[in-house]
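Letter by letter, the chains look like this.
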Amino acid sequence: METSEPMTMEVLYEGEGFRNWFMISAVRYGENKLVATAEDITERKKAEEEVQKNLTVLKQAEDIAAIGSWEYHVSTGRFNWSDGMYRLFDLPVGSLVQPDVYLHHAIEEDRSIAKRIFKNLQKLHQSFEEQIRIKTGNGVHDLKVKATAVQDEKGTVQRIVGVDMDLTEIVQAQEQLEQSRHWLEE
């Protein structure tokens, strides 16, 4: 009332058997009047909590499995990464990335693979699966990149969603196994 500024706030009301969220809006009306509304936003708040829980589970799963997930929006060229992707590429979380990140990080022998990934994202907009070695500040990593094109009801590709899996430990174990077999054969 004193400032004449409209006010909106979200309030948790607990009591009388309730545990509900409300959005309270108030605005001054005339000299000495106040109009206030209260909207029950409990369902929205529950949905927000559920999304946050799912994001936490996704982050934990990415940490355990050494994976990262991403989506590329065909119409805008926006490339969204999960925290797991930033970890795989040893980049600061939230830094701007584009599909050419594969070209910048691929080892020389795998540049042709990086070019295929880049072309699939930028031009072909198709599902794909590739295995590529990238270099980061933490060394060279073997990644499996798997992507699926998501179409609208007309069959037009809207986005490509994917996951990158760090296979470095598996590849190293296979190499050691091969060395052991070779040693036993001698």
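Residues numbered from 1 in each chain as written. Predicted model: local features only at pLDDT ≥ 70, side-chain atom pairs only at ≥ 80, totals over all residues. Heavy atoms only, no water.

Tell me what's going on with the overall build of the chain, and back it up with residues and numbers.
Across its full length, the chain holds five helices and eight strands. Counting from the amino terminus, the chain carries its helices and strands in the arrangement β-β-β-α-β-β-α-α-α-β-β-β-α. In terms of its C-alpha atoms, the chain occupies a principal-axis envelope of roughly 95 × 40 × 35 Å. Counting only residues that meet the buried cut, the chain has 28% of its 186 residues in that class. Here the contacts in the chain between residues at least 6 apart in sequence split such that 35% fall between residues at least 24 apart. Here the chain contributes 22 positive and 33 negative side-chain charges, whose respective centroids are spaced 5 Å apart. (Helix = DSSP H or I, 4+ residues; strand = E, 2+ residues; numbered from the N terminus. Buried < 20%, exposed > 50% of the residue type's maximum accessible area, 1.4 Å probe, protein only. Contact = heavy atoms within 4.5 Å. Lys, Arg positive; Asp, Glu negative; His and termini not counted. Charge placed at Lys NZ, Arg CZ, Asp CG, Glu CD.)

I'd like a rundown of the sheet that holds strand E1 (residues 7-15), residues and numbers included.
Read from one edge of the open sheet, three strands run E1-E2-E3, paired in antiparallel fashion. The outermost strands of the open sheet, each flanked by one partner alone, are E1 and strand E3 (33-40). Adjacent strand axes in the sheet meet at a mean angle of 30° when their direction is disregarded. Relative to strand E2 (residues 18-29), E1 runs antiparallel, the two being bridged by nine bridges. Its bridge partner lying in E2, methionine 7 is registered against alanine 26. Sheet strands in contact with helix H1 (residues 42-65) are E1, E2 and E3, and its direction is about 120° off that of E2. (Pairing = 2+ DSSP bridges. Axes fitted to C-alpha atoms, helices over the stretch in contact; angles between N-to-C directions.)

Which residues make up the pairing of E2, and what values do they have?
Linking two consecutive strands that pair antiparallel, namely E1 and E2, is a turn of two residues; a positive phi of about 55° is found at glutamate 16 within it. Two strands pair when backbone bridges link them, and E2 and E3 are joined in this way by eight bridges, in the antiparallel orientation. By the bridge assignment for E3, alanine 26 is matched with alanine 36. In textbook terms, the turn of a hairpin is the stretch between consecutive antiparallel strands, and for E2 and E3 this stretch comprises three residues, one of which, glycine 30, has a positive phi near 75°.

Describe helix H4 (residues 111-124), with residues and values.
Across its 14 residues, H4 extends 18 Å between first and last C-alpha, which sits within 8% of the 20 Å expected from 1.5 Å per residue. Buried within H4 we find Ile113, Ala114, Ile117, Asn120 and Leu121. Looking at the buried residues of H4, the elements they touch are strand E4 (67-73), strand E5 (79-81), helix H3 (101-105), strand E6 (128-136), strand E7 (139-151) and strand E8 (157-166). Looking one or two residues past H4, histidine 125 carries a phi angle of roughly 55°, positive in sign. (Expected span 1.5 Å × (residues − 1).)

Requested: an account of the pairing of E4, with residues and values cited.
Bridge count between E4 and E8: seven bridges; the pairing is antiparallel. Along E8, the bridge assignment pairs isoleucine 67 with methionine 165. The antiparallel pairing of E4 with E5 creates a hairpin that spans five residues between the two strands, and glycine 77 there sits at a positive phi of about 75°.

So, the nonpolar core: which residues are in play, and what are the values?
Ranked by size, the top nonpolar core spans 26 residues in total, and within it Trp70, Phe79, Trp81, Phe89, Tyr102 and Ile132 carry the most contacts. Elements supplying a minimum of two residues to this core: E4, E5, helix H2 (83-89), H3, H4, E6, E7 and E8. Sequence-distant contacts of tryptophan 81, defined by excluding residues within four places in its chain, comprise Ser69, Trp70, Tyr86, Phe89, Leu91, Val97 and Val101. (Core = buried A, V, L, I, M, F, W, Y, C linked by side-chain atoms within 4.5 Å.)

Describe in detail the packing of aromatic side chains, supporting the description with residues and values.
Aromatic ring pairs are reported here in terms of the distance separating the ring centres and the angle at which the planes meet. Following the criterion strictly, the structure yields seven aromatic pairs and no others. Centre to centre, the rings of tyrosine 13 and phenylalanine 18 are 6.5 Å apart; their planes meet at 50°, and the pair counts as tilted. A residue is classified by how much of its surface remains accessible, and tyrosine 13, at 33% relative accessible area, is partly exposed. With a centroid separation of 5.2 Å and an interplanar angle of 65°, the aromatic rings of tryptophan 81 and tyrosine 86 are classed as edge-to-face. One aromatic cluster is present, built from ring pairs that chain together Trp70, Tyr72, Phe79, Trp81, Tyr86, Phe89 and Tyr102. (Phe/Tyr/Trp six-rings, centres within 6.5 Å; stacked < 30°, edge-to-face > 60°.)

Structural measurements only, silent on function.
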